[in-house]
Structure formats: structure tokens, C-alpha cells
Amino acid sequence: MAAAAPEIRHRQVEANGITMHVAEAGPASAAALAVLFVHGFPELWYSWRHQMEHLAARGYRCVAPDLRGYGGTSVPPDPASYTAFHVVGDLVALLDALRLRQVFVVGHDWGAIVSWNLCLLRPDRVRALVNLSVAFNPRHPSAKPLDYFRRAYGDDYYVCKFQEPGYEAQFASLDLKRFFKMAITVETTGSSAMSLQKMQSSNKQITLPSWLSEEDVSYLASVYAKTGFAGGLNYYRCLDLNWELMAPWTGAKVQVPTKFIVGDGDLAYHHPGVKGYIHKGGLKRDVPMLDEVVVIKGAGHFIQQERAQEISEHIYEYIKKFSTDPTRELSKL
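None of the values given here were measured: they were computed from a predicted structure.

Caption draft 1: Structural view of the pairing of strand E2 (residues 18-25). Most of E2 sits inside the fold, with seven of its eight residues counted as buried. For strand E1 (residues 9-15) and E2, the ladder comprises seven bridges, and the chain directions are antiparallel. Following the sheet pairing, His10 is matched in E2 by Ala23. Connecting E1 to the antiparallel partner E2 that follows it, the hairpin turn spans two residues, and Asn16 within it adopts a positive phi of roughly 55°. As defined by bridge partners, E2 adjoins strand E4 (residues 61-65) across four bridges and the pair is classed as antiparallel. In the strand pairing of E4, Glu24 is matched with Val63.

Structure, rendered in C-alpha cells:
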């Protein structure tokens, strides 16, 4: 008889002046080796359900919060409250609250950006990193992010549209189940604009792939129906502010053992210059402890769900190399 899937536990944790909803699986002890999972947009802790089950069954304590602005976590109203320092601060405070001195970190999409910044700002808290989809993007001192996006893709590009105050109200008119079906199963390698207008007007029949269920879509839709999308959009609204605040880290390296995984059908992999940066030495220059880059054939953006078993195994095989130190320091917090 197969072993029962590890239970996923839920709780609220006070951290960095906000209340964070945290999903956990595996051992509850602060002495257990822990993995912190960091989700992207438009997602929740739920994106990591498969990896949490896989790693919890192998003895790891899995911790997957809803980030600031998402799900069961506080949603500060000021867009300027979503900078890299706020979000990294939330994660550091969460680790302190859970008495976890050092963790493995796994990030995807915006969660990958947050994870790169966590490693840049507090490498002492990260034993090793596995990032999915979005490569490290070093700060370019002469180019603000929004100026770049407008030049490259025009004002109608979704990153630019998200800057408009109140734009989140446009999501309210959507059939959210249909929106998530379209957003998560999108197959494109172009400069796709997440165009809500196109989504609304599309008559395309959506057949869910085997890796995404009606139950999955219903969960996301029900949570976002309660919370709205303002929190997630505020991350995009801090792009230029982050660029200003991160000036002291211009040229800084990510000094953490790292594995990077991307699907060859992922939009983020096809942005101009990204492939060359990843494969021709740029990423290794900026992330000197980069051990491996994995490109998964035929996979799209939501890779930890689309290729759940494969990604879970990649994460496990990498982090177990750093899991055998019997003298590891435990928190004295």
C-alpha cells in the first residue's frame, strides 16, 4: 500500500509588521532541514503543492508562504510597500519566527526575483538556491526597467499596463476560472502581453492539460475572488523604485550555490538577450556559484506544475548534496 501523502498544515505567522499565511509539510521541528518555497504571479503557495509533498516525504520541512499582497497574507494598500526590501524582509522575519537560521530556497517567476534578491541581500540565510523560469537580472545603472519595457514592447505591454492606478479593477470583470485556465496553460514564446481584453474576447475552447485540474483552477479563482489582484500588481509597480533602492548593489554577485531551471517554451526564456545571458557566461559571471542550468524541452512557464515530478526530482537531487553536514548550526533565536 502506498504511503499517505504528507499532510499540509496551515497557520498565520506575524512577521515584519504583517500577518503571513504559511503552508507547511514535513517535520515541524526547527532542527529539520527546511525548504522555503517562493511563488510568483498570479499564484499562491498552492503552486508548490507537488514539490512540498515530494520533499516532505523525504524528511524536509517545507515552508510555502503566501507572499505580501497574496492569499491569506496581509495586503498593504500603498504600492510602495512592495519593494524588494519589504518582501525580502518578510521572508527573513518569517524564518526568524519559525526559528530557521538557514534554509534551501526554491523560487519561480516573481518568486525567483524575490529569491535572487534574498540571496543578494542575505546570503547567510540561504544554504542553496533552485530558481525556476526567471534568470537573475543584474541592475543596469543607465536603464530603468519601465523605460526598457516601453521601448522594447510599447505602452500596451502588460508590465506597462499594470502601472496604471486602479488597473486591478479590470480583473473584477473577468471570469476568474477562465482567466486562470488561460493564464496557466498559455503556450507562447513571443512577447505576449497578458492582455485582459484579449482574454475577455477570446472564444477559444480551453481543454485543461493532465497536470491542471478543475479543482486547482477553482481554488485559485476562489482565493483571488476574495483578495483581488492589487497586491500582485504592486510588485510590478515597484520595478523602478527597486531600481533606485538597489543602487548600492550594482555589480554585486549572488554568492549562493545555485541551480537554474527553465522550460524552452517559457516566455521569460525568450525575452531579448536572455538566452545569450544564460548560456554564454553572463549568468555564471553574476552567480559565480551557479552549478547547473537545466532547459526542459517542451515545457512552459508554470513548470513546477506542468512537470511536477521532474522538477521535484531536480530540486531534491540538488539540495541533498548540501544536506549531509552533521555540524550545521541551528537557530538560537
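Having seen the model, we can carry on.
Caption draft 2: Layout of helix H1 (residues 49-56). Buried residues dominate H1, accounting for six of its eight residues. Where H1 is concerned, the buried positions are Arg49, Gln51, Met52, His54, Leu55 and Ala56. Tucked into the core, H1 has its buried residues touching E2, strand E3 (34-38), E4, helix H8 (214-227), helix H13 (303-306) and helix H14 (308-319).

Caption draft 3: The arrangement of the environment of Lys177 in detail. Among the secondary structure elements, Lys177 is positioned in helix H6 (residues 176-185). The exposure class assigned to Lys177 is partly exposed, which follows from its relative accessible area of 33%. Put simply, Lys177 and His21 are 156 residues apart on the chain and 23 Å apart in space, counted from C-alpha to C-alpha. Beyond its immediate sequence surroundings of up to four residues, Lys177 is in contact with Glu214, Val217, Ser218 and Ala221.

Analysis parameters
Residues numbered from 1 in each chain as written. Predicted model: local features only at pLDDT ≥ 70, side-chain atom pairs only at ≥ 80, totals over all residues. Heavy atoms only, no water. Buried < 20%, exposed > 50% of the residue type's maximum accessible area, 1.4 Å probe, protein only. Helix = DSSP H or I, 4+ residues; strand = E, 2+ residues; numbered from the N terminus. Pairing = 2+ DSSP bridges. Contact = heavy atoms within 4.5 Å.

Take it as geometry only, folks, not as evidence of what the structure does.
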